Amino acid sequence: MKTEDKEFLFITDIRITKRNAEKLVQAGRSRWKIENEGFNHQKNGWHNIEHVNSHNYTAMKNHYLLVQIADILVQLYLNGAKILKGLKKSAKEKSSDLLEAIRSRTLTDEDLHQLRKPMQVRFT
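Conventions used here
- Residues numbered from 1 in each chain as written.
- Predicted model: local features only at pLDDT ≥ 70, side-chain atom pairs only at ≥ 80, totals over all residues.
- Heavy atoms only, no water.
- Helix = DSSP H or I, 4+ residues; strand = E, 2+ residues; numbered from the N terminus.
- Buried < 20%, exposed > 50% of the residue type's maximum accessible area, 1.4 Å probe, protein only.
- Salt bridge = Lys/Arg side-chain N within 4 Å of Asp/Glu carboxyl O.

Caption draft 1: Region of the structure containing the environment of Ser 90. Among the structural elements, Ser 90 can be located in the loop between α3 (82-86) and α4 (91-104). Take Ser 90: its relative accessible area is 37%, and that puts it in the partly exposed class. Considering only alpha carbons, one finds Ser 90 and Leu 78, 12 residues apart in sequence, at a separation of 9.9 Å.

Rendered as structure tokens:
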């Protein structure tokens, strides 16, 4: 099988040496893959951002920023809580439930008190 050389450009403030060059390339490619997959998901997934939605550049940037925020919230909501994984609902149904909760529920003093408590985050 014939291999093809490809050239990539990375911008970094890290000093590149023979010892760290391979690691930096792998990290850069991994990051690119994550960002590219995220954009493809937003473009072709449920956000449907493939067409221009305004002729105003600021409006387009604001729209995309809101899409980014919505995507983060949906990912946290769908992947963050174990109980959600046990629900027999589609991602769209779960997202609709979240939107309705944001629209209709009022934060109580107890909710706010819980938010002030230190939070432990465990990555697996």
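Caption draft 2: Quick look at the pattern of salt bridges. Scanning all chains against the criterion turns up two salt bridges. A salt bridge links Asp 97 to Lys 89; its shortest N-O distance comes to 2.5 Å. By relative accessible area, which is 38% here, Lys 89 ends up partly exposed. A salt bridge links Glu 100 to Arg 103; the shortest N-O distance between them is 3.6 Å. Of the two residues, Glu 100 and Arg 103 both sit in helix α4, three residues apart, roughly one turn of that helix. By relative accessible area, which is 58% here, Arg 103 ends up exposed.

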